[in-house]
Structures are given as structure tokens and as C-alpha cells.
Amino acid sequence: MQSQPLSEQMLFKWQGKLGGNLTRIAIQGAEPVSKFLEWKAMASVIGLAVAVVRG
């Protein structure tokens, strides 16, 4: 199993305390390989959505 970067570990802990939804989107770019194109990972973006309800 691959270990997560510290920033991801912090988000997991925060999400565990607050709840909410975590979403990760992978950004990829097409690069030429011979006469074809191949997808290559560039970066991933992580978002945490938490709704606070005050009554």
C-alpha cells in the first residue's frame, strides 16, 4: 500500500473529526507515444466539503 503525503493524512484526520465528503480528481495530459496518444498523470486535486448547521 502506498503511503499518503502528509497533507492528505491531515485531510483524512480532519474529515474523520468533522465529517463531510472528500473528493479527489486526477488531472492527466495526453502525450504522444509513437503515432498514438497516451494519458500521463500530472497532478491530483483534493477537496473537502463540510456543511455546518447551526440551530
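## What about the overall build of the protein chain?
- On a plain count of helices and strands, the protein chain comes out with one helix and two strands.
- Taking 10 Å as the expected radius of gyration for a compact globule of 55 residues, we find that the protein chain reaches 17 Å, considerably beyond that expectation.
- Reported as C-alpha extents along the three principal axes, the dimensions of the protein chain are approximately 60 × 25 × 15 Å.
- Among the 55 residues that make up the protein chain, the fraction classed as buried is 4%.
- In the protein chain, the share of contacts with a sequence separation of at least 24, taken over all contacts with a separation of at least 6, comes to 33%.
- Surface exposure of the protein chain reaches about 5,200 Å², of which carbon and sulfur atoms provide 58%.

## Topic: unusual backbone geometry
- In this structure, S34 takes a positive phi of about 60° despite not being glycine.
- Checked against the element boundaries, S34 lands in the loop between β1 (21–33) and β2 (36–49).

Parameters and conventions
- Residues numbered from 1 in each chain as written.
- Predicted model: local features only at pLDDT ≥ 70, side-chain atom pairs only at ≥ 80, totals over all residues.
- Heavy atoms only, no water.
- Helix = DSSP H or I, 4+ residues; strand = E, 2+ residues; numbered from the N terminus.
- Rg over C-alpha atoms; globule rule 2.2 N^0.38 Å.
- Buried < 20%, exposed > 50% of the residue type's maximum accessible area, 1.4 Å probe, protein only.
- Contact = heavy atoms within 4.5 Å.
- Areas by Shrake-Rupley, 256 points an atom, 1.4 Å probe, with all protein chains shown as cover.

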